[in-house]
Amino acid sequence: ELVAGVIARMDLKLKADYVTGLLNRNAFYVDLMKELNSSPNARGAVIFVGLDNFQLITETYGYEFGDNALKQLAQDITNILPPDIKLYKISSSRFAFVMADAMPEEIEIIFSSVQLCMREIRNVEDTIYCTASGGATFYPDDADDYVTLLRYAEVALEFARRKGRDQISFFDKEIYDRWRYDVGMQNLMQNSIARGCEDFFLCFQPQVDAKDGRLIGAEALLRWYDKDGSVVPPMQFIPLLEKSRMIIPVGHWIIENAVIVAKKWQQWQPDFQMSVNISLYQLEEHMLFPFAKDCMERHEIDPRTMTFELTESQSVYDWEFVNKQFSEFHDLGIQIAMDDFGTGYSNLGFLKNFSCNIIKIDRMFIQDILTDNFDRNLVKYIIMLCHSIGMRVCVEGVEDEETYIYLRDECNADEIQGFYFGRPETIEVFEKRFKK
């Protein structure tokens, strides 16, 4: 009997969270399985509530205050839940509960009350600002086994946090599948980088002199082979490279290979200009300039025949930092271009703030240039303005002769890039241009 009593008490401890007294993760799993098996027609939702910045609060005010706040929150949330719903504490700063026959609207109302509970956390002197994010998934619509439901609730919580926190998200299979695909791609790219960027390759899109259509250079564009050998569209993998900072080693590889190709092509055309995209993430890495300088010295290429294009310029908040980084490239002789001019906000302000040689006008501005008077005048006057402050202009996305002639004769563009003069091409295809 004594042994049985000890085991029973141990079982209770296993099921109770020592800080809040709530049932713990193990109890939650058991109760969720019971609920799922309670009836063939069981319907409802699993809801996770995660405290967004709780670790910071405990580090600032101490763990004793953190424990007291958790106790208070556990009590407050329990009080606002319907009487038949149990609250569980499943990790250091995460709660969970199950609602049978729940509708999304009901869950949102309850979560609003949880958010109000968060506003009530107080220290002796002041109210502590802490928010909560929520994730919900429905059974049997999303899944009917507890392992999958827990994973989906976790994913929904992650969705809420990615959207900015202090809100609840419902599981979405489409977003989840895309997220899993992205994670799979990141792993593949990481393996590819570890093998010396094995599955990456460069394509080159011709850039021509607007006056006579003569080839003057090319933009090096990154491409990547998926595991099945298909070429993945850049918009699918480049944001992942940037977000994961893998763009830094890949960026070095791009510069190295673009310089090698440019050096080779300068045998046929000594003034051939090679453009390479540089993202803000790369600028923040202090090895970019020493690497680029060393690379050009090793391959004995004139830096004045290289152009670095700043991509995503609309995301720049600190132009002083960007100019400071690029000033070293300027001093070396490398040309600096602003890519995608016209997208984002306050681009005319960028002209004032960004010290560059070339402006690249985005394709969206010339799509209707032959029929839209506003676009016609806009492009014309942007080019005039750029010329007046000593900048050259490259127009992207030119796909037909009529647009090209208008940009050449009426707008006085300097350079043209677009399908009319060539799509992005492999090294082998591009080299045929020189051998004609």
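Reference entry: report on the structure contained in this document.

Conventions used here
Residues numbered from 1 in each chain as written. Predicted model: local features only at pLDDT ≥ 70, side-chain atom pairs only at ≥ 80, totals over all residues. Heavy atoms only, no water. Helix = DSSP H or I, 4+ residues; strand = E, 2+ residues; numbered from the N terminus. Rg over C-alpha atoms; globule rule 2.2 N^0.38 Å. Buried < 20%, exposed > 50% of the residue type's maximum accessible area, 1.4 Å probe, protein only. Contact = heavy atoms within 4.5 Å. Axes fitted to C-alpha atoms, helices over the stretch in contact; angles between N-to-C directions. Parallel < 35°, antiparallel > 145°, perpendicular 65-115°, else oblique. Nonpolar A, V, L, I, M, F, W, Y, C, P; charged D, E, K, R; others polar. Expected span 1.5 Å × (residues − 1). Salt bridge = Lys/Arg side-chain N within 4 Å of Asp/Glu carboxyl O. Pairing = 2+ DSSP bridges. Arc of directions from axis to C-beta. Polar contact = N/O pair within 3.5 Å; in protein donor to acceptor, adjacent residues only side chain to side chain.

**A few points about the overall build of the chain**
Regarding its fold elements, the chain presents 16 helices and 15 strands. In terms of C-alpha radius of gyration, the chain reaches 29 Å, well past the compact-globule figure of 22 Å for 436 residues. Projecting the C-alpha coordinates of the chain onto the three principal axes gives extents of approximately 95 × 45 × 45 Å. Burial status across the chain gives 49% buried among its 436 residues. Across the chain, the fraction of contacts at a sequence separation of at least 24, relative to all contacts at a separation of at least 6, is 67%.

**Observations regarding the packing of helix α3 (residues 54-61) against helix α4 (residues 63-80)**
Two numbers describe how α3 lies on α4: the axes approach to 6 Å, and their chain directions differ by 135 degrees. The angle between the axes of α3 and α4 places the two elements in the oblique class. Of the residues in α4, those touching α3 at F54, Q55, I57, T58, E59 and Y61 are Y63, F65, G66, A69 and L70. Grouping the amino acids of the contact of α3 with α4 by side-chain chemistry returns 7 nonpolar, 3 polar and 1 charged.

**Observations regarding helix α6 (residues 146-162)**
Three or four residues apart is the spacing at which side chains of an α-helix point the same way, because the helix has 3.6 residues per turn. Here α6 spans 24 Å end to end across 17 residues, near enough to the 24 Å set by a 1.5 Å rise per residue. All buried positions along α6 are accounted for by T148, L149, L150, Y152, A153, V155, A156, L157, F159 and A160. A positive backbone phi angle near 125 degrees is found at G164, which sits one or two residues after α6.

**Description of the pattern of salt bridges**
Under the definition given, this model contains 22 salt bridges. Here K173 and D177 are joined by a salt bridge, their closest N and O atoms 3.0 Å apart. Of the two residues, K173 and D177 both sit in helix α7 (residues 173-194), 4 residues apart, roughly one turn of that helix. Look at K173 and you get partly exposed, because its relative accessible area is 42%. Take D177: its relative accessible area is 36%, and that puts it in the partly exposed class. Among the ionic pairs, R408 bridges to D409, the shortest N-O distance being 2.7 Å. Taking the relative accessible area as the measure of exposure, R408 reaches 27% and is therefore partly exposed. Overlapping salt bridges bring together E219, E309, K360 and E396 as one network.

**Concerning the sheet that holds strand β6 (residues 168-170)**
Ordered in space as β1-β3-β4-β2-β5-β6, the 6 strands form an open sheet in which the pairing is mixed. The open sheet has two edge strands with one neighbour each: β1 (23-24) and β6. Taken together, the 3 bridges between strand β3 (residues 88-91) and strand β4 (residues 94-100) define a ladder with antiparallel strand orientation. Directly across from Y88, in β4, lies its bridge partner A96. Sheet strands touched by helix α2 (residues 25-37): β1, β2 (44-51), β3, β4 and β5 (132-139). Its angle to β3, the strand with the most contacts, is close to 120 degrees. Contacts from α6 reach β2, β4, β5 and β6 within the one sheet, and its direction differs from that of β5 by about 140 degrees.

**Notes on helix α14 (residues 373-388)**
Taking 1.5 Å per residue, 16 residues should reach 22 Å; α14 reaches 22 Å between its end C-alpha atoms and fits that length. Regarding α14, the residues found buried are D375, V379, I382, I383 and C386. All buried residues of α14 fall inside an arc of 95 degrees around its axis, so they share one side. For α14, the exposed residues set more than 90 degrees away from the buried face come down to F374 and S388. Looking at where α14 begins, the residue whose side-chain oxygen comes 2.8 Å from the main-chain nitrogen of F374 is D372.

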